[in-house]
Structures are given as C-alpha cells and as structure tokens.
Amino acid sequence: MNLSKYSIRGTIMRDGMTLVVDLRSGSIHTKKDEGEREYIGGGLGAYMLNKRIKGDVDAMGPENVLVITSGPFAGMPIPAASGIGIFSKSPLTGYFGEDYLFGAFGNQMSRAGYASIIIKGVSERPVYLYMDDGVCTIKRADELLGLSPWKTEEKIREAMNDRSLGVISIGQAGENKVRYATIYGDFQYSGCGLGAVMGSKRLKAIAIKGSNDLRPKDPTTILEMYKMLSKKMEESFVDDLDWAYDARDKLPANNFKGVSSDSDVKKLIGGLKERELKKVSFQHCPVACKTLCQSDGIISPITIGGISIGLLNGIYDPDTVIKAEHLCYTLGLDPRSVAVVAAFANELKERGDDIGFDMGFGKKEELLKFIEEISKGKSIFSEGIKAAAKKFGAEDSAMHSKGAELSIDTFTDENIAFGTAISHSGSYQGGEDYDTSNLLKMMMVYPKAYEAYSKEDLYRLYAAVGGETDRERLGEMKDKINDIKREFNIRQGWKMDDDTLPQRIMKNFSGEEAFLQKRLDYYRSMGWDEEGSKGERE
C-alpha cells in the first residue's frame, strides 16, 4: 500500500469537530467541547449520549438524539477499522442503543473533519443530510420515501454525481417506526432499532464526502501493521456461512426449542453456498467479509441474520432464505430480529393463539408475507418480541435480552451468551475476552477481526496515528465508558434482572447458579456493587 500521501499531522481524532443538526429548527453549527476531547470513538458516542439525555425520554420522541462518531482509525489504511458508531436511546429496549458500521461513511466522515455528529429534533417533512467537507445541507427527501436503503444510496449518489459518497439510510420499516428497523450501509445493518430513531425524526438518509488528507504521526508503523494485521485476518477470518456449517451440530431450531439436525443445516448452508454469486467487502477490509447469493434473479447478502430466519422457523430451503433476507434489506428490517419475532409468532400459532397471521414452522410463503406486513408498523409484532410477549402472556417463549432479539450464536457459544446478558444494549459481538472486545469497540474495529487484533496492536496503532500513548489511561477510559453506559441505563429504569437470559439459553450451558456467580464476579471486576449499580461519578 502506498502511504506517500499520509504525512505528519498532529492528533487527528480528538481535534475533530462536532456537527450539531437541529431538524426542527433547521439550524446547523459546529462546536468543540473540551469534555468530549477526553474520549474517542465508541467512548465519545457514549459520553455524548449520556450527556444529552438525562431523563427517561421517549426513544422515538423529539427529545431523543442520534449521535454518530467516527473511529480513531477511520480514513486510515488500517485493516477493518473504518468504523462509525451510532448511538441513541433504543426504541427496542428502552436502554442504551449502539451499533457500528464500517466502510465508506466512516472514511468520508473522518476526512470531512468530523469526530461526531449530533442530530436532534424532528423535521416537519422527510429530509436527508448532505455533507461536503465542512458544509452541511438539509435536503428534501420526498422522492426517496418508500425506497429501499440501497436504492436510496443510488439515488443520492446520482443526484450528487459522486459514487464515492458515504451513505447510511433507512427503508420502509424505519419510516414506519418499526422498533427493530435498521440503518443500512455497505452491506451492513445496525441493531437496537436505530433505524426507527431515524424514521421518527423523518430523516431518510445521511450522505457525506470528505476531501482532507489524514496524516498519521508514524506512517512506517501503520504500513508495517497493515501488512501484519491483514495477514492475520486472512488466516483467522470466518464468514457467516462457514461459521454456521462448522457449528451445525449445535445450531438452534424452531425458536431455540431444540437443535437443528445435521442434515437440515447441511441442506440450507450447502444450498446457499451453491447459490453464492460473489464475496464483497468494505473499504480497508483485507478480506471479503460478506457473501452475496442469488436466487430467481434476486441478489442478497447472506448473514447470520438470514441463516437465523431459516433455522428458527423450520425453513431449510436456501431460495426462501435468500428471498427473506433480501426482503429485510429492501424494507430496512434487522434480519436477526425478524428471525426471532417470526419464530415467536410461529410458536404462538402452534399453541393455538390467534395472532392474525397464517403462520407455522416450515411455512415458506407465509413467512415472506409476514415480513412484508410487519414492515408496515401496524402489528404488535412490529413492536418487538418483548412487547408481543407481554400481549400474549408468553414471556417464557420470548427469546431476548433487555428486549433485543437474540442472535443464534448465544445458543452455541457460552461466552457470547454471557456477553449478551451483561451488555448494555442487549447484544454482544466480540470474543471470550470481554476486555479486549470492549477495547475493539472503543477503537471501532470490526468485531469479526477479534482474532487478528491484540491489545498491543491497538495501543501501537493508536500511538501511530497520533493518539494517546499512556496505555493505563486508555484502559481507564475503556472502563469509564462502561460506567457511563450503566449510568445511562439506570436512569432509564434498568434493574439487575435485566442482565439475564431466557431459560432456553441458560440450560444450554452451566446453569443458572453458575451464571449468577459469573455475573457477580463481573460486577465486582467493574467496581460495581452486587446488584450491578454504580453511583454517579463526581
């Protein structure tokens, strides 16, 4: 990689500006906050959200804010580290909401000079934001309504005559405020219902272009580590299809009630592999991390979400799974949530409840119709699994953590299951070492690069781009971020019983007693009391 254009510059991340957009008034301004300079990446997002939401606000009301931060490595030639964090109070859980997307948007945001973007208020009409370096414009989005996220991206890039734009957007589900609507960008989707927050603000998309050079303090180290980390990623990376095939003897079936048979998983995963069109990646990722599959003229990324739709609903037909995940992307729904919500509806139907849909495990066409209907935002199932379970009195069958629908890897991996239980958002993407995983999140490195990056790698890279060299201070920052998120949740009504898992997951591992002891040990390691609380810091 040619790093000739990256010459010496001072600290690049904490000198970035904060862009503040008020959609109600139309005001736009930039600012710097000395307090915000203490944090980076994921930590900056947590700090800013916690600072701006002090009370128990309506997640889809005007008081909620949407915060976007760029990672310390975005825009730099560092493998799988071109991340942005998106933060808001989650309409799905009512607690701290966060997720991370990687690729063009983060790179462009960093080059535009923004460390963070704060969006508040509600627009009177549908709009999108367009940022060209230091200039931000609010534009009408009437013609974009109802379009899929990828069609929205295409239209905006055509309108601006710029294929290099970073774009994140929502689909119909976000516009209709479905509580697990997603924000989409570069073949990735967010969780936590963040798309519903954008929809509640009548914000269809955000597009950004940056043209400033980013100049690391130590380009030689950057080049050295790019080669080393790329090689480690190539050796350790496992895509979702290969992961599912390798885990085929322990993947869940029918709403986590049992284990899928080896033959059924082979049929599904083998069929998807036969329909593989190509593999794609995002900017600065050295491995092709997303698989595109094709069926009957439909092309869709296939992720753990699509695989979950099949496994949890007794559907092992690869063509249906491709169509189902394509529908989720087109409508702007999180396929992981769709998988669990549909499986819950199927279980209700199986026990004789009148759910208003012709559902059933193994019913393919009915599943596709269900996905289309819930995207309209008019069904109790559009409200998420927790709300639906309360209505039907079926909490024991609702597979969620804090209201966030569970990923199927909580069924196969005890570390991910525990990480999900103690997470502030109800979801966890990381590895066995929660400390390293939290550091990756703070630095906004792609979670699937967990096996490639060590703490030492992250510290060296951060120093090389011009950041903090005091490793003890970075470790303290990481722990402080956890405290901030916990404080936020406590103000929103969190209680210790929220840090738990459904019995169908718990019995799969060490049992409830061992889980409770592990949770207590974790609380103590964080300096929290035995109920997981921590008082306000002075």
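To be clear, the structure that these remarks concern was listed above.
Notes on the structure follow. (Residues numbered from 1 in each chain as written. Predicted model: local features only at pLDDT ≥ 70, side-chain atom pairs only at ≥ 80, totals over all residues. Heavy atoms only, no water.)

Brief notes about the overall build of the protein
Part 1: Scanning the protein for helices and strands turns up 20 helices and 19 strands.
Part 2: For the protein, the C-alpha radius of gyration of 22 Å lies close to 24 Å, the compact-globule estimate for 538 residues.
Part 3: Put simply, the protein has 538 residues, and 61% of those count as buried.
Part 4: Charged side chains of the protein number 73 positive and 81 negative; the gap between the two group centres comes to 4 Å. (Helix = DSSP H or I, 4+ residues; strand = E, 2+ residues; numbered from the N terminus. Rg over C-alpha atoms; globule rule 2.2 N^0.38 Å. Buried < 20%, exposed > 50% of the residue type's maximum accessible area, 1.4 Å probe, protein only. Lys, Arg positive; Asp, Glu negative; His and termini not counted. Charge placed at Lys NZ, Arg CZ, Asp CG, Glu CD.)

Describing the nonpolar core
Part 1: In terms of nonpolar packing, the biggest core is built from 79 residues, with Leu333 and Phe381 touching the most fellow members.
Part 2: No other element matches helix α11 (residues 335-350), which puts nine residues into this core.
Part 3: Phe381 has contacts with Tyr180, Val341, Phe344, Ala345, Leu348, Ile355, Phe357, Phe370, Ile374, Ala388 and Phe392, leaving out every residue within four places of it along the chain.
Part 4: Val67, Ile78, Val445 and Ala464 belong to the second largest nonpolar core, which has 55 residues in total. (Core = buried A, V, L, I, M, F, W, Y, C linked by side-chain atoms within 4.5 Å. Contact = heavy atoms within 4.5 Å.)

Brief notes about the sheet that holds strand β5 (residues 96-102)
Part 1: Overall, mixed pairing links the six strands, which are arranged β2-β1-β6-β3-β4-β5 in an open sheet. Of all strands in the sheet, those with a lone pairing partner are β2 (28-31) and β5, marking the two edges. The mean angle between the axes of side-by-side strands here comes to 20°, regardless of whether they run parallel or antiparallel.
Part 2: Of the pairings in the sheet, the one linking strand β4 (residues 83-89) to β5 comprises seven bridges and is antiparallel in character. Within the sheet, the bridge partner assigned to Lys89 lies in β5 and is Phe96.
Part 3: Docked against the sheet, helix α1 (residues 41-52) engages β1 (17-22), β2, β3 (66-70), β4, β5 and β6 (114-120), running at close to 155° with respect to β3. (Pairing = 2+ DSSP bridges. Axes fitted to C-alpha atoms, helices over the stretch in contact; angles between N-to-C directions.)

Some points on the environment of Ser169
Part 1: Relative to the elements of secondary structure, Ser169 occurs in strand β9 (residues 166-169).
Part 2: With a relative accessible area of 0%, Ser169 lands in the buried category.
Part 3: When the C-alpha atoms of Ser169 and Lys204 are compared, they prove to be 5.8 Å apart, with 35 residues separating the residues in sequence.
Part 4: When sequence neighbours within four positions are dropped, the list of residues in contact with Ser169 reads Pro149, Thr152, Glu153, Thr182, Ile183, Tyr184, Lys204 and Ala205.
Part 5: Of the polar contacts made by the side chain of Ser169, one reaches the backbone oxygen of Pro149; its length is 3.2 Å. (Polar contact = N/O pair within 3.5 Å; in protein donor to acceptor, adjacent residues only side chain to side chain.)

A word on the packing of aromatic side chains
Part 1: Per the stated rule, a full pass over the model turns up 22 aromatic pairs.
Part 2: Aromatic pair Phe418 and Tyr522: ring centres 6.4 Å apart, planes at 85°, arrangement edge-to-face. Of this pair, Phe418 sits in helix α15 (residues 414-422) while Tyr522 sits in helix α20 (residues 512-525), placing them 104 residues apart in sequence. We note that Phe418, like Tyr522, is buried.
Part 3: Members of the aromatic cluster, joined through ring pairs, are Phe418, Tyr428, Tyr434, Phe515, Tyr522, Tyr523 and Trp528.
Part 4: The side chain of Arg248 reaches across the aromatic face of Tyr245, ending 4.2 Å from its centre.
Part 5: The lysine or arginine in question, Lys518, covers the ring of Phe418, its NZ or CZ lying 4.6 Å from the ring centre. (Phe/Tyr/Trp six-rings, centres within 6.5 Å; stacked < 30°, edge-to-face > 60°. Lys NZ or Arg CZ within 6 Å of the ring centre and 35° of its normal.)

Here's the deal with the environment of Met109
Part 1: Tracing the backbone through its elements, the reader meets Met109 in helix α2 (residues 104-111).
Part 2: Put simply, Met109 and Ala196 are 87 residues apart on the chain and 22 Å apart in space, counted from C-alpha to C-alpha.
Part 3: The contacts of Met109, once residues within four sequence positions are left out, are Ile68, Thr69, Ser70, Ile84, Tyr114, Ala115, Ser116, Ile117 and Ile208.

Points about the side chain of Asn50
Part 1: Relative to the helices and strands, Asn50 resides in helix α1.
Part 2: Here Asn50 falls in the buried class, since its relative accessible area comes to 8%.

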